[in-house]
Every structure is written in C-alpha cells, then in structure tokens.
Amino acid sequence: MNKSSIRYDILKEVFNISAGKAANLLSEITGKKIILKIPDVTILDRTKSNIELTDYLPIKFSGALMVSTISFKENLAGKANLIFPAEKMKTFIQLCLNEEVYDEDNLSLDFTDIDFDVIREIGNIILNCILGETSNLLDIKLQYSLPEVKVYNQITFTKAIYEKEYQHILVLFITFIIDNTEIEGTIIVDLALQSLNELLRKIDLIEADTYV
Amino acid sequence: MYNCCCEVLNSVNEGIIIVKENLEVYSWNSYMEYITNIKGSSAIGNNLYTVLPSLNKNYFKKTVHNILNDGYTMFFSAAMHRDLMDTEENYNIKISKIQDKNNTFMLLEFHNVTGQMAQIKQLKKYIKELYNVNKELKKKEKVIENLAYYDQLTGIANRTLFYILAEKYLQNAKRNGSLLGIMFIDIDKFKSINDTYGHQIGDKIIIKAANILKEATRESDIVVRYGGDEFIVILPNIKDISDCKIVASKINNRTGNIVYMKDKEIKLSFSMGISIYPNDGDNIDKLIGKADKAMYIAKRNDEDVHYY
Amino acid sequence: MVKVLIVDDSIFSQKVSANLIRKYMNNVELTFANNGEEGIERYEEIKPDFIITDLLMPKLSGQELIRSIKAQDKSAKIIVVSADIQKNIREEVEAYNVLAFLNKPLQDEKAQIICNLIRENMNE
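Computed from a predicted structure; not experimentally measured.

### Comments concerning the environment of C:Ala100
Residues and elements named next belong to chain C.
Next up, step 1: Of note, Ala100 is situated in strand E5 (residues 100-103).
Next up, step 2: Judged by the 16 C-beta atoms lying within 10 Å of it, Ala100 is partly exposed.
Next up, step 3: Among all residues touching Ala100, those that are not within four sequence positions of it are Ile79, Val80, Ile113 and Leu117.

And the structure:
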C-alpha cells in the first residue's frame, strides 16, 4: 500500500483513534498507564503473490504466539487475529492483574486458565474497540462474538489463520505499553474481497468529504 | 414455551440476568439467587445498579453503553475484576446484546471459576516452594564444594585445590613454552608463637598471613594454604626469576606485618623458597620439593628468600 | 485575524480540524505541523495565538511540545485533541495549564467548543 497516500493516512488515523478508546478502557480497568499505538498499516493481496505471513509478525518473535481471534459476518466478512509473542504475555498478564512480577513465576511457559481468561478479556477489549470504533467511523455495521484464544508456534499458526475464502489481508502493527513495559504485536485481518472494497470505498468517501 | 424457558434458565449452572434496554431487571435465575442471596422477586423490576451496586463502576457503565449501542460482547475475567462482585466466590462475567424485532435486551452471564482460581493459586504456591527448595539445595551444594577445595580458616584454596590448579598451570606453561613459579612459604617461628600465645592467636596469625600473601601477590597469582603454617604461591606468567623476587620482597617488606594483641605486638616474617619450571623440574612434586629445600636453606641462612 | 497552529502527524486529522474550525469561525489563519519537532519550529516562526495539538506523535510528543512552548511563554494558549483521554494522561497534560483536553474524533460539537474557547480567550 502506498504509504504516502491519503488512504493510508486516513486508515492509520481511524485505527489510532479506535486504539485510543481501547487504551482508555484498559487503563480504567487496570488502573495503570496504557498506551496503544498503531504505527503502521498495510494491505496484502494473497491472490497477487505468495505472501509469507511470518514476515509480518512481531519483529522480536522467535517462539510461541498467543492469538485472539474474532470472526465477523455482518456487513463485513472476515476474521481478525490479535497476535502477541507468548513469552512477553506472561509479564503482561501479571501487570494487568496488579501482581508483583517475580522471576520464579515465569518458570514455565504454560499458561493457566486464569491467564487465558485475562487474555480473552484484553484481546476482546482491543479487538472490539478497534473493530468497533473503526466500523463506527466508517459507518459500517459489524457483528461479532467473543474471541477465541490459542497459543501457536510459527508452523501451526500459519496453517490456522489461512482462510481460503478471505484472500485479502489487512495488517496492523500494534505497540502496547503498560506502565513502562512495551510489547509489539500484530493484528491480521483476513477480509473477503467485497469487504475490503467496501472498507476502501468508505475511506474514499471520507477522503472526498475532507479533502475538498 | 415461556415457562419451559424459565425452567431451562433455572437449571443452568450459570448466573443469568436479563435486563431491558433501560437496565431494568427482567429475568433473574435460580443460580443468580444462589450467588447473590437476592431473590428474583426482589430483583425483577428494579434497576441493575440498585440490585447490584458493586457493578456501579465507571468502566462497567461505559461498557454497557457500548454493548447496547454497538452490539459488542464484553467479557470480564474474574482475575481482573475481583471488585465487580461482592461475593466470596469468583465469577467471569459475559455480557451481550439480544435483539429481536421490537425489543432490545442485555444478557449477563456469571460463570463460577472459584475452583479453578483456587487450584491455580495452589499450583503456583507449590511451584514457588519447589523453586525455593531447589535454591536451598544449590546453596548447599556450593557449601559442600567450598568445604572440599577451600581452607575453612582463611578462605583461600587448600591443598586439594592446589594440586588441581598447579597441574593446570603447569600444562599451560608447557604448552606455551612459558615459565611457572612456585613459592614455598612458611611463617617464621610459628610453633613457638603458637605455644606461647595459644591456638586462638595462632589462628589469627594464619589468617593475617594469608591476607598479607594475597595483598602482596599479583592478580594472576594463586595463594594456597598447603598445611599448618605452610603456604604456596603459584606464579603463572612470569618472565624470569626477578618477577618472583619482586613478590617475595613485597611480602616481607610490608610495614603492616604485625598482629596486635591486648598488650603485645607480634611481628610476622616469612621464609620463602622459590623454584621455577622448567629449570627446577618438570612436574609439580619436583617443583615443590625444590622450593621446599630452598626455603629450608633460607631459614638456615637466616635469609628471607632463597632460590636456585 | 487569529493565528492558529495545528500539530498532528495525520494529515487527515489536520484537515478534519481545519475544515471544522473554518466552518465555525471566520478570520482565522491556519498553519500546520506534522510532528512535535516541526511544531516547535512553526511556533517560533509565526508565534500563533492558539495551538491545537495531538499527543501521540513521532519525533517529539505532544506533551514535550507543550512543555517546550510553555517554557518559552507561560501564557501560551494550547488545546489538546487526542485519541486517548485516559485519566493519568489527562492529569499529566492538564498540569501544564492547557485550555482544554478533547477526545478524537473531532466533530461539530467539539469544534464549536474549540471555537468558543478561541473567541473567549482571544484578546488576553
């Protein structure tokens, strides 16, 4: 996607506004300072070339991934995946729960049921706010359910998020800072062609309205 | 059909509240009665926040607003929201919007996770205990290791460790074609000091001696308590005998070589014998033997240090 | 003629703000900066009467911009428009004595608030 285009600018701003809402809510819930930034957005077309999704995963990724997935069907069809490196999530969860972070607690990489519940909630808030606000700003009605949370490695992940029906991918890079701990993640939204076009159409409408 | 639905709601193992768009409680199932000790008859018709004041939090109200307006589904995990329910037990809360042609409702589901949370807490406790036990064990291992290789009185290497290290440095010297110095040292007149002043003073002197030797030697030199009042210094990386001589003069020419007692001062002096690889031998025993002999000569000649 | 400087790393956001302000106010001269650093440069160049700034920006954040401007002119009139208005950030920013702290997206109602604020504080 042309990074200097107006479309890119509008898309990024729309997502950042919605991320701001998520940060606000998370901050109230956890009582901590939260910053959510979306520094970059890109659109990939799987029909045009073979895309290595792992090129778009968080740069420091080297191990397991924690993925929250939401499917939506109304008005826009697709799947949104919020992806964070699993090892950093442990620290994150402890910060969100206001627990002291001890090294002893991170002895194993296994996540407990409570951890999954916490991720389910955080993932839900982030995805909800981003999808929700975006659909509001673009005037598109979206219907979706609670996210599923799973832990994957590189191989199982690529298999899991490959959707034959959704050939267009919207990739958002997201930086999540809680207190002073920073974690980089990715949101990968698989979209049906129609949905992508609908999204772009709405953006063009906004462009026409604003850039008279 | 309505009655059947109520029956279903009442046999489900979750707390279920249905509220109208204006947040007036519409339905309150049996499990909810059990969770809160509030009867359906008291709850129904009243405002949600009046019935459950613990829900009256800013972020909760904001979320409810979003759910009703935008159709989000919200999930509050028990772990992050202990403050939402005024109960001993812990509940995950799921909230969603239900809409039909004419009416909008909100569905609140309360799922009991107290058991899971207790289990996890217990598990974490065990892991922490195991971790601490492990830490203690490692500490003890270190102590045992120390006992085997280090002199308990002075803290420096003991005879056992000496042989290990000396062999290693000798091999290095052989490989590199460099020199290795062995200095055999004992404390002058130690036996008589010990007999005169007693073992406690004797020990103090040994400790002071070890410190003197440590300070006088270079970083790379190794000071060992060989036994009783005997010490050995291993000097790797020497260019020639003069390096050893320098160390020797440092040892005996220190003005601080005095042990103070209540009414007496004991001045410490050492006798030293030096041997060098390869000149004086090509194995440790030979080198020690030569250094020992040299020290004996030094004592006999009333010198500080002797070498071949 | 009121001089207003708009600082935001999104051109789209700049335009939205500009359009809305022009809708409710005449006689306003708008200048733009794309990040905090440029914001300081523009400020020193043109000495605007009002500054409208975002917070999350590359190179120099909104908070740092505000601090820098206030250091030069304690009475500088600054309005913050940000995607995120969480409590601790709001408190941090309001400690700098800004005129207002508004949540994006900017629409008619908020634009009117801004214009009223400008009119009220114009000739101080």
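### Quick look at the domain arrangement of chain B
Next up, step 1: For chain B, the domain assignment lists domain 1 (2-112), domain 2 (115-149) and domain 3 (159-307).
Next up, step 2: Computed from C-alpha coordinates alone, the two centres of domain 1 of chain B and domain 3 of chain B are separated by 83 Å.

### Concerning the interface of chain A and chain C
Next up, step 1: The interface of chain A with chain C comprises 18 residues on the first partner and 17 residues on the second.
Next up, step 2: Every element with two or more residues in the side of chain A that touches chain C is listed here: helix H1 (6-30) and strand E1 (34-45) of chain A.
Next up, step 3: Class assignment of the residues belonging to the side of chain A that touches chain C gives a composition of eight nonpolar, five polar and five charged.

### Some details on unusual backbone geometry
Next up, step 1: Residues B:Tyr277 and B:Pro278 are joined by a peptide bond in cis, for which omega reads 5°.
Next up, step 2: Summarising the element assignment, B:Pro278 is placed in the loop between strand E11 (270-277) and helix H11 (284-300).
Next up, step 3: The peptide bond linking C:Lys104 to C:Pro105 adopts the cis configuration, its omega dihedral lying at 0°.
Next up, step 4: Summarising the element assignment, C:Pro105 is placed in the loop between E5 and helix H5 (108-120).
Next up, step 5: The phi dihedral of B:Leu23 is positive, around 70°, even though this residue is not glycine.
Next up, step 6: By secondary structure assignment, the location of B:Leu23 is in the loop between strand E1 (15-20) and strand E2 (25-28).
Next up, step 7: The class for B:Leu23 is partly exposed, based on 18 C-beta atoms found within 10 Å.
Next up, step 8: Although it is not a glycine, B:Lys189 adopts a positive phi angle of roughly 55°.
Next up, step 9: Here B:Lys189 is to be found in the loop between strand E6 (179-187) and helix H8 (190-197).
Next up, step 10: What makes B:Lys189 partly exposed here is the crowd of 14 C-beta atoms within 10 Å.

### Some words on the arrangement of the chains
Next up, step 1: The assembly contains two pairs of chains in contact; the pair sharing the most contacts is chains A and B.
Next up, step 2: A gap remains between chain B and chain C, with no contact made and the closest C-alpha atoms lying 11 Å from each other.

### A word on the interface of chain A and chain B
Interfaces are often sized by the accessible area lost when the parts come together.
Next up, step 1: The interface is formed by 22 residues belonging to chain A together with 23 residues belonging to chain B.
Next up, step 2: Contributing elements (two or more residues each) for the side of chain A that touches chain B: H1 and helix H3 (113-137) of chain A.
Next up, step 3: Looking at the side of chain A that touches chain B element by element, the count peaks at 10 residues for H3(A).
Next up, step 4: Among the residues making up the side of chain A that touches chain B, the classes are represented as eight nonpolar, seven polar and seven charged.

### Observations regarding the nonpolar core
Next up, step 1: In this structure, A:Ala22, A:Ile130 and C:Ile51 are the most contacted members of the largest nonpolar core, which totals 121 residues.
Next up, step 2: For this core, the element with the highest residue contribution is H1(A), accounting for 11 residues.
Next up, step 3: Apart from residues no more than four positions distant in its own chain, C:Ile51 is found in contact with C:Leu5, C:Val7, C:Tyr43, C:Ile69, C:Ala76 and C:Ile78.
Next up, step 4: Listed in part, the 43 residues of the second largest apolar core include B:Leu170, B:Ile185, B:Ile232 and B:Leu268.

### Focus: the sheet that holds strand E5 (residues 104-112) of chain B
Next up, step 1: Overall, antiparallel pairing links the five strands, which are arranged E2-E1-E5-E4-E3 (chain B) in an open sheet. Each edge of the open sheet is held by one strand with a lone partner, namely E2 and strand E3 (74-76) of chain B. Strand-to-strand, the axes of this sheet are offset by a mean angle of 15°, without reference to chain direction.
Next up, step 2: In this sheet, E5(B) lies alongside E1(B) in antiparallel orientation, the contact comprising six bridges. The partner of B:Ile18 across the bridge, within E5(B), is B:Leu107.
Next up, step 3: Of the strands in this sheet, E3 and strand E4 (91-99) of chain B are in contact with H3(A), which crosses E3(B) at around 145°.

### Describing H11(B)
Residues and elements named next belong to chain B.
Next up, step 1: In this model, H11 (17 residues) spans 24 Å end to end at C-alpha, consistent with the 24 Å of a helix rising 1.5 Å per residue.
Next up, step 2: By the burial criterion, the buried members of H11 are Leu287, Ile288, Lys290, Ala291, Ala294, Met295 and Ala298. Projection of H11 onto a plane perpendicular to its axis shows the buried side chains occupying an angular sector of 165°, all on one side. Facing away from the buried side of H11 by more than 90 degrees, the exposed set consists of Asp285 and Arg300.
Next up, step 3: The secondary structure elements touched by the buried residues of H11 are E6, E11 and strand E12 (305-307).

Here is what the cut-offs are and how they apply
Residues numbered from 1 in each chain as written. Chains lettered and ligands numbered in written order. Predicted model: local features only at pLDDT ≥ 70, side-chain atom pairs only at ≥ 80, totals over all residues. Helix = DSSP H or I, 4+ residues; strand = E, 2+ residues; numbered from the N terminus. Buried ≥ 20, exposed ≤ 12 C-beta atoms within 10 Å, placed from the backbone. Contact = placed C-beta atoms within 7 Å. Domains from an automatic or database assignment. Nonpolar A, V, L, I, M, F, W, Y, C, P; charged D, E, K, R; others polar. Core = buried A, V, L, I, M, F, W, Y, C linked by C-beta atoms within 7 Å. Pairing = 2+ DSSP bridges. Axes fitted to C-alpha atoms, helices over the stretch in contact; angles between N-to-C directions. Expected span 1.5 Å × (residues − 1). Arc of directions from axis to C-beta.

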